Amino acid sequence: MSIFERKVDVLVVGGGMISQEVILPTLFQEQRYGRVGNISISALTGDIITKLRSMFPKFKGYPDPDVYGETEKYPDMFKQAIADLPPDGVVIVATPDHLHTPVILAAIEAGRHVIVEKPLCLKVNEAKDIIKKAHDKGVYVLTDYHKRHDRSIRAARYKYRNGDLGEMLHSHAWIEEPKYMALNVFKDWCEKSSSFEYIGVHYADAYYFITGLKPKRLVAFGQKKFLPTQGKNAYDAVQATIVWEDDSVQFIQTSWVNNPKNSAMTNQGMMLLGTMGEYWGDHKARNTHFVTDEKGYEDYNPNFFKQYDSWDFPGDVDNVGYGYDSIVQGINDIKMIMNATEGMSEEEALLKRREMLEKMADTRGLPEQALVGVAINNAVRMSVDNGSRFVVFDDELNISFE
């Protein structure tokens, strides 16, 4: 059976923005093409399930609002949803960042393969626990760093690894989003995370993905000026300067207080300077623009996740882009693992899964790779919460104050 003939059932834990705008459209499109089986969704309250039912085709909801009502919170309902998932089902974790770990660990304990929205988690010790338990069970746990699938980032990796850029000297990356992200979309948990932990880590991971280098030390800065006036004790902006193991330096600036009338939701880009070459990518301005009565001037990124007329289903749309590709890569990897281990004894299958995961680890955001982003996030939070003290990394990416 090919990976395109095998269908897997998928459970999505979390019904927020990323599920509504990227994950679920991807899954229902894969279902339409016959590559995904049944879809279920676990959310905190029944009203979220009701909203999703108005947006998407048939799925099983936890909690079912017809049974549990719409307002009561069920923070542990995901455990029942995982238990109901078939043995070859896939769990996609799309909860707020600080709630990733219990869902991942529950899925691993049940022997289910996992795709988790970046970051893997927020603490180094939690990441290491996930690494150990995933290895013990031979479970695939992919952190969805979709920027790795951006062809602009892939081009930088190819050029660097081909030697065209020489040795790295420095990098500047920026990723900033508007005020409504902290005040509306993430209003219930923005104080528990930050613009760096949520989106800035994309560019820390991109630098690691491109170069293979590990962080050595960093210092971070943060400002609380606007959001506290809106009742949120959260950082408006966070910046980090990371020194990597080759002494190259990367500066990343992030924000959650950009103007909502900006020409795109996200300002983003990165530059690299090496001893033999340079890279510069404006990942917001892709040289595609619209001006409409409804939205005015709009910088349009056709590469991340956009809808186009479907080639195969006239009158419908296909979702296309690197946001789509990164999720599908995880699902296809899991299908390959299932195909390769079908009919084996549990002992044989465990050894085979570990062998395949080791081969995938060079390019996938599996837990050992995702630990880099977790350690950087953890260190940034330590630094910014403690007067911008320097934080250092040891060889195992444990962190401490310098």
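This section reports on the structure supplied with the text. (Residues numbered from 1 in each chain as written. Predicted model: local features only at pLDDT ≥ 70, side-chain atom pairs only at ≥ 80, totals over all residues. Heavy atoms only, no water.)

A tally of helices and strands in the protein yields 12 helices and 18 strands. Here the C-alpha atoms of the protein give a radius of gyration of 21 Å, agreeing with the 21 Å that 2.2 N^0.38 yields for 402 residues. Viewed in the frame of its principal axes, the protein has a C-alpha envelope of about 55 × 50 × 40 Å. Sorting the 402 residues of the protein into buried and exposed places 55% on the buried side. Carbon and sulfur atoms make up 51% of the accessible area of the protein, which totals about 17900 Å². (Helix = DSSP H or I, 4+ residues; strand = E, 2+ residues; numbered from the N terminus. Rg over C-alpha atoms; globule rule 2.2 N^0.38 Å. Buried < 20%, exposed > 50% of the residue type's maximum accessible area, 1.4 Å probe, protein only. Areas by Shrake-Rupley, 256 points an atom, 1.4 Å probe, with all protein chains shown as cover.)

A word on the pattern of salt bridges. Applying the stated criterion to the full structure yields 23 salt bridges. In this structure, Arg157 and Asp362 form a salt bridge, with 3.7 Å as the shortest nitrogen-oxygen distance. Within this pair, whereas Arg157 is found in helix α7 (residues 151-161), its partner Asp362 is found in the loop between α11 (346-360) and α12 (367-384), the two being separated by 205 residues in sequence. Salt-bridge contacts for Glu355 lead to Lys352; the nearest nitrogen and oxygen are separated by 3.7 Å. Taken together, the positions of Glu355 and Lys352, both in helix α11 and 3 residues apart, correspond to about one turn of that helix. Salt bridges linked by common partners bring Arg6, Asp88 and Glu342 together as one network. (Salt bridge = Lys/Arg side-chain N within 4 Å of Asp/Glu carboxyl O.)

Let us look at the packing of aromatic side chains. Evaluated as defined, the whole model comprises 13 aromatic pairs. Ring geometry for Phe186 versus Trp189: centroids 4.6 Å apart, planes at 50°, classification tilted. Just as Phe186 is buried, Trp189 falls in that class too. Geometrically, the ring pair formed by Phe186 and Trp256 is tilted, given 5.9 Å between the ring centres and 40° between the ring planes. Residue Phe186 is located in the loop between α8 (179-185) and α9 (195-211), and its partner Trp256 is located in strand β10 (residues 249-258); the two are separated by 70 residues in the primary sequence. Through a chain of ring-to-ring contacts, three or more aromatic side chains come together here, namely Phe186, Trp189, Tyr198 and Trp256. Its guanidinium or amino end placed over the ring of Phe390, Arg217 lies 4.0 Å from that ring's centre, counting from NZ or CZ. (Phe/Tyr/Trp six-rings, centres within 6.5 Å; stacked < 30°, edge-to-face > 60°. Lys NZ or Arg CZ within 6 Å of the ring centre and 35° of its normal.)

It is worth spelling out the packing of helix α6 (residues 124-137) against α12 at this point. Following both chains from N to C, one finds α6 and α12 inclined at 170°, their axes separated by 9 Å at the closest point. As summarised for this structure, α6 and α12 are arranged roughly antiparallel, according to the angle between their axes. Across from Val124, Ala127, Lys128, Ile130 and Ile131 in α6, the residues of α12 making contact are Pro367, Glu368, Leu371, Val374, Ala375 and Asn378. Of the residues belonging to the contact of α6 with α12, the class tally is 8 nonpolar, 1 polar and 2 charged. (Axes fitted to C-alpha atoms, helices over the stretch in contact; angles between N-to-C directions. Parallel < 35°, antiparallel > 145°, perpendicular 65-115°, else oblique. Contact = heavy atoms within 4.5 Å. Nonpolar A, V, L, I, M, F, W, Y, C, P; charged D, E, K, R; others polar.)

Below, the discussion takes up the sheet that holds strand β17 (residues 391-393). Pairing within the open sheet is mixed, and its 8 strands lie in the order β12-β11-β7-β10-β9-β8-β17-β18. A single partner strand is all that each edge strand has here, and the edge strands are β12 (278-282) and β18 (399-401). Averaged over all pairs of adjacent strands, the angle between their axes in this sheet comes to 15°, without regard to strand direction. α9 contacts β7 (168-178), β9 (237-244), β10 and β11 (267-274) of the sheet and is inclined by roughly 155° relative to β10. (Pairing = 2+ DSSP bridges.)

Once that is clear, we can look at the sheet that holds strand β1 (residues 8-13). Across the sheet, which stays open at both edges, the 6 strands sit in the order β3-β2-β1-β4-β5-β6 with parallel pairing between neighbours. Among the strands making up the open sheet, the edge pair consists of β3 (60-62) and β6 (141-144). In this sheet, adjacent strand axes meet at a mean angle of 20° when their direction is disregarded. By the bridge criterion, 3 bridges tie strand β2 (residues 36-42) to β3 in an arrangement that is parallel. Paired with Ile41 across the strands is Gly61, a residue of β3.

Purely geometric numbers; function is a separate question.
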